[in-house]
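Here is how the chains run, residue by residue.
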Amino acid sequence: MQAKEINKIENPYLLLTPGPLSTTQSVKQKMLRDWCTWDNDYNQIVQQIRSQLVRLATSQSGYTATLMQGSGTFSVESTIGSVIPEDGKLVVLVNGEYGRRIVQIANKLGINTIDIDSGELAPPDPQALSKLLLQDEQITHIAMVHCETTTGMLNPLTEIGEIAHKHNKVFIVDAMSSFGGTAIDMAELHIDFLISSANKCIQGVPGFGFVLAKHSSMNAIANRSRSVSLDLYDQWRCMEDNQGKWRFTSPTHVVRAFAEALKELEAEGGVGARQQRYYENQRTLVTGMQRLGFECLLDAKLQSSIITSFYSPQHADYNFKRLYDLLKLKGFVIYPGKVSKADCFRIGTIGDVWPSDLDKFIKAIETAMYWKDD
Ligand SMILES: *Cc1c(COP(=O)(O)O)cnc(C)c1O
């Protein structure tokens with residue numbers, strides 16, 4: 001069969017991507033009817049979600065969750081634009097696309113911003129940050145991505161959190177692709193604002209993100225936002241004052257699906273059990289891929305269980321698009337590479353995906369590699 005014909009076939013497939021990702025049938029089922037938004041039943045679900053998110057984020061009290069319409073980036077932009085005051089200064093630790101995006105957002109909003117870019121293949125350097133904080137007393141806020149989805153690298157949250165705490169800076173973490181699938185206690189890690197979204201490790205569908213912070217931190221950011229629809233404080237105030245009411249049209253179907261996803265996270269055994277499954281997924285993937293001759297971009301010690309980058313094969317007839325199409329036909333969707341200096345592709349191991357699925361994937365990629373067009 002020619003690759004052209006393969007493209008036309010719409011078969012069901014498993015998403016081996018970092019969001020949207022494969023969700024359970026029961027999560028999808030929740031969206032198969034119309035849901036109202038303007039009453040107590042709905043607001044109670046929103047309130048329950050908010051308190052469940054707080055419980056996932058820390059065992060300490062005094063924290064609160066705000067849900068925000070849009071994809072994850074909208075919540076990042078909402079946080080950056082609502083938290084940093086006019087006379088504040090932000091330093092962003094950059095080692096990939098998502099760190100660069102925070103810088104781009106801050107620049108667009110006219111926020112005084114500098115970055116420390118360690119390159120895509122190295123983690124942020126805690127010493128470089130400490131040095132900068134001693135040199136530049138204007139800095140008020142530090143932002144970093146936890147799992148840099150560009151490569152799959154897990155950044156040093158503990159070390160950077162300690163530095164932020166020691167220097168008394170506000171610490172903002174984009175934990176989009178790790179929250180719910182990696183144990184995090186934001187209080188212990190000195191994280192002031194933690195951002196994630198519905199369609200990553202909690203295994204909901206895309207449509208909203210959320211921001212976790214202390215009540216006192218939220219109270220401190222009134223009237224700072226540079227945007228109306230992305231005003232984090234106003235959004236929080238509305239949810240607080242009206243027991244779970246959204247300011248503007250809420251993504252009702254996505255919220256219902258997310259409530260189910262949270263229930264299923266608990267049924268699986270919580271974040272610890274999910275983290276273990278993702279770890280086994282990733283190990284099954286890497287063992288199988290290495291047996292087929294593929295090489296990982298990152299050292300194992302820098303690698304998360306969320307997504308893994310592999311170097312593209314070097315033989316002359318390799319072509320990502322063709323591999324992608326063949327794998328899609330076999331029921332698996334992979335992800336292109338995003339690293340600027342290396343030719344890679346990526347495979348996600350989060351979502352309703354299990355080690356046995358990765359075993360099947362390895363068989364599929366093995367046959368796809370030796371596929372000959374006739
Ligand atoms: C997915 C992701 C985002 C948000 O991306 P959207 O496409 O806006 O949902 C932000 N940061 C990281 C690290 C991510 O993995």
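Per chain, the residues get numbers from 1 upward, laid out in the order the sequence is written. It should be noted that, the model being predicted, local features are given only for residues of pLDDT at least 70 and side-chain atom pairs only at 80 or more, the latter also being counted only at that level, while totals for whole chains, interfaces and linings use all residues. Note: side-chain values were computed over all heavy atoms of the structure, leaving out hydrogens and water.

Here the focus is the sheet that holds strand E3 (residues 89-94). Pairing between strands is defined by DSSP: at least two bridges between the two strands are required. The way it works is that DSSP assigns letters per residue, a run of H or I at least four long becomes a helix, a run of E at least two long becomes a strand, and they are numbered from the N terminus. What the seven strands build is an open sheet, ordered E2-E10-E9-E8-E5-E3-E4; its pairing is mixed. Only two strands of the sheet have a single partner each, and these edge strands are strand E2 (63-69) and strand E4 (112-117). The average angle at which neighbouring strand axes cross in this sheet is 20°, direction not considered. One ladder, built from seven bridges, connects E2 with strand E10 (residues 208-214); its direction is antiparallel. Bridge pairing in E10 places Thr66 opposite Val211. It only takes one pair of heavy atoms within 4.5 Å for two residues to be counted as in contact. All axes here are fitted lines through C-alpha atoms, helices being fitted over the stretch that makes contact, and every angle between N-to-C directions spans 0 to 180 degrees. In this fold helix H4 (residues 72-83) packs onto E2, E3, strand E5 (141-145), strand E8 (170-174), strand E9 (193-197) and E10, with an angle of close to 160° to the strand it touches most, E9. Contacts between helix H7 (residues 157-166) and the sheet are confined to E3, E5 and E8, with E8 contributing the most and set at about 155° to the helix.

Next up on the list: the layout of surface pockets. Space inside and on the surface of the protein is sampled on a 1 Å grid over the protein atoms alone, with a cavity defined as a set of points where a 1.4 Å probe fits but cannot get out and a pocket as an open set with protein on both sides within 12 Å along at least 5 of 7 lines; lining residues have an atom within 4 Å of a point. Grid points are joined across faces, edges and corners, and a volume is the space filled by probe spheres set on the points. In this structure, the largest pocket spans a volume of roughly 270 Å³. Along the wall of the largest pocket there are 21 residues; nearest its centre are Thr73, Tyr98, Arg101, Met176 and Lys200. Breaking the lining of the largest pocket down by element, the ones donating at least two residues are H4 and helix H5 (97-108). Here the element with the most residues in the lining of the largest pocket is H5; it accounts for four residues. Three categories are distinguished: nonpolar for Ala, Val, Leu, Ile, Met, Phe, Trp, Tyr, Cys and Pro, charged for Asp, Glu, Lys and Arg, and polar for the others, with Gly belonging to the last. Taken together, the residues of the lining of the largest pocket break down into 10 nonpolar, eight polar and three charged.

Below, the discussion takes up the site of the ligand. The environment of the ligand is formed by Ser71, Gly72, Thr73, Tyr98, Arg101, Val145, Cys147, Thr149, Asp174, Met176, Ser177 and Lys200. We call two N or O atoms a polar contact when they sit within 3.5 Å, provided that within protein one can donate a hydrogen and the other can accept it, with sequence-adjacent residues counted only if both atoms are side-chain atoms. Interatomic distance of 2.5 Å between a side-chain N/O atom of Ser71 and an oxygen atom of the ligand. At 2.5 Å, a side-chain N or O of Thr73 approaches an oxygen atom of the ligand. Using the Shrake-Rupley algorithm and a 1.4 Å probe, accessible areas are obtained, with residue cover drawn only from the displayed protein chains. If the ligand stood free it would expose 390 Å²; the protein chains cover 86% of that surface. The rule for placing a molecule in a cavity or pocket is simple: more than half of its atoms must lie within 2 Å of the grid points. In this structure, the ligand is accommodated by the largest pocket. Listed by contribution, the elements that provide at least two residues to the shell around the ligand are H4 and H5. Among the residues making up the shell around the ligand, the classes are represented as four nonpolar, five polar and three charged. The cutoff for a nearby residue is simple: one of its non-hydrogen atoms must lie within 4 Å of the molecule or strand.

Across the junction of Gly19 and Pro20, the peptide omega takes the value 0°, indicating a cis bond. In this fold, Pro20 is placed in the loop between strand E1 (14-15) and helix H2 (25-29). Of note in the backbone geometry, Asn168 takes a positive phi value of approximately 60° without being a glycine. Using a relative accessible area of 69% as the deciding quantity, one classes Asn168 as exposed. Positive phi is not limited to glycine here, since Asn223 has a value of about 65°. Burial classes: relative accessible area under 20% of the type maximum marks a residue as buried, over 50% as exposed, and values in between as partly exposed (1.4 Å probe, protein chains only).

For the rest of this paragraph, the subject is the packing of helix H3 (residues 40-57) against helix H10 (residues 252-268). Viewed as axis vectors pointing N to C, H3 and H10 meet at an angle of 45°, and their least axial separation amounts to 10 Å. Between H3 and H10, the angle is such that the two are oblique. The two elements H3 and H10 cross, and the hand of that crossing is left-handed. Residues Tyr42, Ile45, Val46, Ile49, Gln52, Leu53 and Leu56 of H3 pack against Thr252, Val255, Arg256, Phe258, Ala259, Leu262, Leu265 and Glu266 of H10. Tallied by class, residues from the contact of H3 with H10 come to 11 nonpolar, two polar and two charged. What sets the label is the angle itself: under 35 degrees gives roughly parallel, over 145 gives roughly antiparallel, 65 to 115 gives roughly perpendicular, and the rest give oblique. Crossing handedness is read from the near helix: turned anticlockwise from the far helix by less than a right angle, it gives a left-handed crossing, and turned clockwise, a right-handed one.

This part is about the side chain of Asp231. By the secondary structure assignment, Asp231 is in the loop between helix H8 (215-219) and helix H9 (232-241). A positive count includes Lys and Arg, and a negative count includes Asp and Glu. His and the chain ends are not counted in either. For this analysis, a salt bridge means a side-chain nitrogen from Lys or Arg found within 4 Å of a carboxyl oxygen belonging to Asp or Glu. We note that Asp231 is buried and unpaired, the nearest opposite charge coming from Arg247 at a distance of 5.2 Å. A distance of 3.0 Å separates the side chain of Asp231 from the backbone nitrogen of Tyr233, its partner in a polar contact. Beyond its immediate sequence surroundings of up to four residues, Asp231 is in contact with Met68, Ser78, Ser82, Ser225 and Arg247.

Among the buried residues, those of types Ala, Val, Leu, Ile, Met, Phe, Trp, Tyr and Cys that are joined through side-chain atoms within 4.5 Å form a nonpolar core. Leu53, Phe179 and Leu212 are the most contacted members of the largest nonpolar core, which totals 50 residues. Apart from the residues lying within four places of it in its own chain, the contact partners of Leu212 are Leu53, Val54, Ala57, Thr64, Ala65, Phe179, Met186, Asp192, Phe193 and Leu194. Formed by 28 residues, the second largest nonpolar core is a distinct cluster that contains Ile80, Ile84, Leu90 and Ala213.

Ring pairs are drawn from Phe, Tyr and Trp, using the six-membered ring of Trp, whenever the two centres fall within 6.5 Å, and their geometry is named by plane angle: stacked under 30 degrees, edge-to-face over 60, tilted for the rest. Under the counting rule described, the total for this entry stands at 11 aromatic pairs. An angle of 80° between the planes, with centres 5.1 Å apart, marks the rings of Phe208 and Phe258 as edge-to-face. Taken together, the residues span a long stretch of sequence, with Phe208 in strand E10 and Phe258 in helix H10 at a distance of 50 residues. When sorted by exposure, Phe208 lands in the same class as Phe258, which is buried. Aromatic side chains Phe294 and Phe345 sit 5.7 Å apart centroid to centroid with 85° between the ring planes, which places their arrangement in the edge-to-face category. Here Phe294, found in the loop between helix H11 (270-291) and strand E11 (307-311), pairs with Phe345, found in strand E14 (residues 344-348); they are 51 residues apart in sequence, far enough to count as distant. Here the two residues Phe294 and Phe345 agree in accessibility, since each one is buried. Clustering of aromatic rings is evident, with ring pairs tying together Phe179, Phe208, Phe210, Trp246 and Phe258. Counted as over-ring charges are cases with an Arg CZ or a Lys NZ within 6 Å of the ring centre that also lie within 35 degrees of the ring normal. In this structure, Arg33 packs its charged tip against the face of Trp35, placed 4.0 Å from the ring centre. The ring of Trp35 is capped by Arg256, whose NZ or CZ atom sits 3.6 Å from the centre of that ring.

Worth remembering: the numbers are spatial, not functional.
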